[in-house]
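# Descriptive structure summary
One letter stands for each residue in the lines below.
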Amino acid sequence: MAGQHPDFIPPARPIIGEAEIEAAVRVLRSGKVVQGPEVAAFEEEFGEFVAGRHCVAVNSGTSALQLTLMALGFGPGDEIIVPSFSFAASANAVRLVGAEPVFVDIEPGSFCVDPEAVAAAITPRTVGIMPVHLYGHPAAMDRIMAIAERHGLAVVEDAAQAHYASLHGTPVGAFGAAGCFSFYPTKNMHALEGGMISTADAGLARTLRLLRNQGMEQRYANEIVGANMRMTDVAAAIGRVQLGQLGDWTEQRRANAKFLDSAITGMVTPPVADAAKHVYHQYTVRVRGNRDAAQARLTELGIGNAVYYPTPIHRLKPYLTQDGTPGPWELPETERAAAEVISLPVHPSLSQADLERIAEGANLAGGAR
């Protein structure tokens, strides 16, 4: 990239090592490349990370969300509560099944959905809640599950950014009716591309397996209308290698975040809720001054950074009302976060020298005007 700092620290760095390459080549040589033994093994091994739940591998995190909502029978006329401070896929999955997202505000510390806002948004049309474990911090699942149980609602966890995160010792993806993970290359672990659904309900798992494979379990014996959202065995083989390293990578991310917490004084560092295990998909700070100036200064210093997410979902074009306005939503914490956040590098490939540069740069950028 022209003009890029010679010692640029990227905001994320997908890991593709020799083990991943060898796994992919092994599968290609086997000739069993789609929905085969590697996928089955990956599902079983991932299940160990989500309290032994049934796991169903699919081709993306968005597919995981969409298929789960389909399997639960949600559709036109239904409302699903979703935070607006998230990637658009959270709400897109709701719209893709014909249901309507109801946007609610977030807690300022965790950036995750506010349970009080969830409770206040429930109507007779509400059928589900989709908490997003944003940036790798678990949402307040104990409170959300209590609300859901009180009202008879399904909880679908969007855990796309939170592999290995937990609350009170329970892993994300093991609270609700289902948990949905993404294996996009920039995630804490990847499969080049892919997704996983976890559920304790064997019947739901079977429906998900049918839906991902044209509605059939036996070839040409279609039972329901389904889609083609299968995971390839190449992706699963890479995912299995990555899964074996996820624990070490997570601890490195947490150690990197701990150093940044101690060294950054010029920006507001991310707090962690009691009993929460944050896995730092992103290390997201708040800038109290001029964010554009802070980003420009960080870039000048060769420190990769990004804003996730500058525009809340309820302000994106597909979710505006017919007259082009954002609708009735009052989401002050969402708006404030969208205006203040910057994510800094925290990935496990960082050296100590990198971390020191990031902290120094954040302190300098925090005063930029």
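Everything that follows concerns the structure shown earlier in this document.
Treat the numbers as computed from the prediction; the structure is a model and nothing was measured. (Residues numbered from 1 in each chain as written. Predicted model: local features only at pLDDT ≥ 70, side-chain atom pairs only at ≥ 80, totals over all residues. Heavy atoms only, no water.)

## Regarding unusual backbone geometry
The residue after tyrosine 308, namely tyrosine 309, is reached through a cis peptide bond having omega 15 degrees. With respect to the helices and strands, the residue tyrosine 309 is situated in the loop between α9 (291-300) and α10 (332-340). Of note, the phi angle at alanine 51 is positive, near 60 degrees, even though the residue is not glycine. Judged by relative accessible area, which is 59%, alanine 51 ranks as exposed. We note that leucine 192 has phi near 70 degrees; this positive angle belongs to a residue other than glycine. Among the structural elements, leucine 192 can be located in the loop between β8 (178-182) and β9 (195-199). Using a relative accessible area of 41% as the deciding quantity, one classes leucine 192 as partly exposed. (Helix = DSSP H or I, 4+ residues; strand = E, 2+ residues; numbered from the N terminus. Buried < 20%, exposed > 50% of the residue type's maximum accessible area, 1.4 Å probe, protein only.)

## Remarks on the packing of helix α8 (residues 233-263) against helix α11 (residues 352-365)
Relative to each other, α8 and α11 sit at 35 degrees, their axes nearing to 10 Å. Seen along the crossing, α8 lies across α11 with a hand that is right-handed. Between α8 and α11, the residues in contact are Asn256, Phe259, Leu260 and Ala263 and Gln352, Leu355, Glu356, Ile358, Ala359 and Asn363, respectively. (Axes fitted to C-alpha atoms, helices over the stretch in contact; angles between N-to-C directions. Left-handed = near helix turned anticlockwise from the far one by under 90°. Contact = heavy atoms within 4.5 Å.)

## Concerning the sheet that holds strand β7 (residues 170-171)
Across the sheet, which stays open at both edges, the three strands sit in the order β7-β6-β10 with antiparallel pairing between neighbours. Taken across any chain shown, the strands that pair with only one partner, and hence form the sheet edges, are β7 and β10 (276-277). Relative to β7, strand β6 (residues 166-167) runs antiparallel, the two sharing two bridges. Within β7, the position partnered with serine 166 by the bridge is proline 171. (Pairing = 2+ DSSP bridges.)

## Remarks on the pairing of strand β2 (residues 79-83)
Each regular strand displays side chains that alternate between the two surfaces of the sheet. Among the five residues that make up β2, five are buried, leaving the element largely enclosed by the rest of the structure. Across the two faces of β2 the burial is the same, with Glu79, Ile81 and Pro83 and Ile80 and Val82 all buried. As paired strands, β2 and strand β3 (residues 100-104) are joined by five bridges and run parallel to one another. Counted as the bridge partner of proline 83 is valine 104 from β3. Regarding the hand of the β-α-β motif, the stretch spanning β2, helix α4 (residues 89-96) and β3 is right-handed. (Right-handed = clockwise from strand over helix to strand, strands pointing away.)

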